[in-house]
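Structure assessment
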Amino acid sequence: MKNILVTGGAGFIGCNFVRHMLNKYDDYRIVVFDKLTYAGRLENLHDVMDHPRFAFVRGDICDAEAVERTIREYDIDTIVNFAAETHVDRSIMNPGAFVQTDVIGTYTLLEAARKFGLERYHQISTDEVYGHVEGEHRATEDDPVRPRSPYSASKTGADLLVHAYYITYGLPITITRGANNIGPYQYPEKVVPLFTTNALQDRPLPVYGDGRQMRDYHYVMDHCEAIDLVLHKGEIGEIYNVGTGQEIENLRMVEIILDELGKPRSLIQHVEDRAGHDRRYAMDISKIRALGWEPRHTPEEAIRKTVRWYVENEWWWRAIRDEAFERYYQEQYGKR
Ligand code: NAD
């Protein structure tokens, strides 16, 4: 592995992964290929743009010609695909964009990987493909997929295609399914940065339904270490769950944010629940543990560390919470 194409590398997890790889390895070139949708921002890569082993290409993963040109130009041997439409609420408003990027985009990258005989295609997937997980059970990689939102259904479609390319064409693939990531540079439509930046402005925190949904809040740098490990030690054709293996209720997440900021609980405002909202995501992480990986942060530590980053990096989120963001916010929460 020498020249890695990181698709979606201007987004939240991708930009953290780029930083991790440039810092850890001194002989890898990282090429970010990103469409720069509303969620992708060059500011997320501000400290690596001038790095001698970094390059940025603006492009759409659904555009086969642009993908192939980039693979040729940079002699790419590995694709790590982060590029996706990622926000569940937006997938309910506009599912078409999710099917396009998450399914057709993945197909386009797989075709390119096959055509150029790449050493590895790695797909970044999500715990949401398992859907709501009942009782005390934790989803293992062998569990059936039961997606319940247009976002998770599109991501599931992509996973199935990736696996099919391994079975049918022998493409050397791996897949990681990450829990709810949080940390630096997460677009503030997602719940932890949304609530943190709302609380910092003394605005109410719109909690969906009773707030008792269970989520595994996972620190993004821990996730990046796991992806790196799977790229180097993962078995070809395999799927690995990645998270803390612990869940907390959303209401507890809200309390941790408010406590860390010294803000009152009276900012909590229950609003109408999201349609088809999954109650519980929970994954068994013993398979990735067996590769020698451990999460470094509990959900509570991850939330506190994330909140502190938003406190210290107002320059970053203020620029995003502009008029267009407020229009989205009103459309999403105004009527609830
Ligand atoms: P994000 O929305 O912050 O970033 C997505 C990036 O993809 C953006 O930079 C965007 O510009 C780019 N992109 C979108 N459409 C594109 C296209 N057609 N061509 C090229 N680039 C395009 O997302 P994120 O939270 O960083 O998630 C990254 C990946 O990880 C996604 O595949 C997501 O499904 C997966 N994932 C996310 C989480 C999470 O909690 N955030 C958890 C598990 C898995």
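No experiment lies behind these values; they were computed from the predicted model shown.

1. Some words on the packing of helix α8 (residues 250-261) against helix α10 (residues 299-312)
- Across the interface, α8 lies against α10 with an axial gap of 9 Å and an inter-helix angle of 45 degrees. When the axis of α8 is compared with that of α10, the two are oblique. You can see that α8 and α10 cross each other, and the crossing is right-handed. Taken together, the residues of α10 that come into contact with α8 (itself represented by Met253, Ile256, Ile257, Glu260 and Leu261) are Glu300, Ile303, Arg304 and Val307.

2. Describing the sheet that holds strand β11 (residues 239-242)
- Reading across from one edge, β3-β2-β1-β4-β5-β6-β11 is the order of the seven strands in this open sheet, with parallel pairing throughout. Across the chains shown, the open sheet's two edge strands, defined by having one partner strand only, are β3 (54-58) and β11. Pairwise comparison of adjacent strand axes, ignoring direction, gives a mean angle of 20 degrees for this sheet.
- Bridge analysis of strand β5 (residues 120-126) against strand β6 (residues 173-178) gives six bridges, and the strand direction is parallel.

3. Some details on unusual backbone geometry
- In this structure, Asp75 is a non-glycine residue whose phi angle is positive, near 55 degrees.
- As for its placement among the helices and strands, Asp75 is situated in the loop between α2 (64-74) and β4 (78-81).
- According to the C-beta neighbour criterion, Asp75 is exposed, with 11 such atoms within 10 Å.
- Its identity is not glycine, yet Asp202 carries a phi of approximately 55 degrees, on the positive side.
- With respect to the secondary-structure elements, Asp202 resides in the loop between α6 (191-200) and β8 (205-208).
- A tally of 9 C-beta atoms within 10 Å means that Asp202 is categorised as exposed.

4. Side note on the packing of helix α1 (residues 12-24) against helix α7 (residues 220-233)
- Running from N to C, α1 and α7 cross one another at 60 degrees; their axes reach a closest spacing of 9 Å. With respect to α7, the element α1 is oriented oblique. Between α1 and α7 lies a crossing whose hand is right-handed. Where α1 approaches α7, its residues Ile13, Asn16, Phe17, His20, Met21 and Lys24 are matched on the opposing element by Val220, Met221, His223, Cys224, Glu225, Ile227 and Asp228.
- Split by residue class, the contact of α1 with α7 holds seven nonpolar, three polar and three charged.

5. Brief notes about the site of the ligand
- The environment of the ligand is made up of 30 residues, and the closest members are Gly8, Gly11, Gly40, Ala84 and Gly178.
- Residue assignment for the shell around the ligand shows that the elements contributing at least two residues are α1, α4 (95-115), β5 and β7 (180-182).
- The dominant element in the shell around the ligand, judged by the number of residues it contributes, is α1, at three residues.
- When grouped by side-chain class, the residues that make up the shell around the ligand number twelve nonpolar, 13 polar and five charged.

6. As for α1
- The terminal C-alpha atoms of α1, which comprises 13 residues, lie 19 Å apart, in line with the 18 Å expected from a rise of 1.5 Å per residue.
- Listed in full, the buried residues belonging to α1 are Phe12, Ile13, Gly14, Cys15, Asn16, Phe17, Val18, Arg19 and Met21.
- At its buried positions, α1 is contacted by β1 (3-7), β2 (29-34), β5, β7 and α7.

7. Some details on the environment of Phe54
- Here Phe54 shows up in strand β3.
- Exposure remark for Phe54: the 20 C-beta atoms within 10 Å place this residue in the buried category.
- As for Phe54 and Ala179, which are separated by 125 residues in sequence, their C-alpha atoms are 28 Å apart.

About the criteria used
- Residues numbered from 1 in each chain as written.
- Predicted model: local features only at pLDDT ≥ 70, side-chain atom pairs only at ≥ 80, totals over all residues.
- Axes fitted to C-alpha atoms, helices over the stretch in contact; angles between N-to-C directions.
- Helix = DSSP H or I, 4+ residues; strand = E, 2+ residues; numbered from the N terminus.
- Parallel < 35°, antiparallel > 145°, perpendicular 65-115°, else oblique.
- Left-handed = near helix turned anticlockwise from the far one by under 90°.
- Contact = placed C-beta atoms within 7 Å.
- Pairing = 2+ DSSP bridges.
- Buried ≥ 20, exposed ≤ 12 C-beta atoms within 10 Å, placed from the backbone.
- Nonpolar A, V, L, I, M, F, W, Y, C, P; charged D, E, K, R; others polar.
- Near = placed C-beta within 6 Å.
- Expected span 1.5 Å × (residues − 1).

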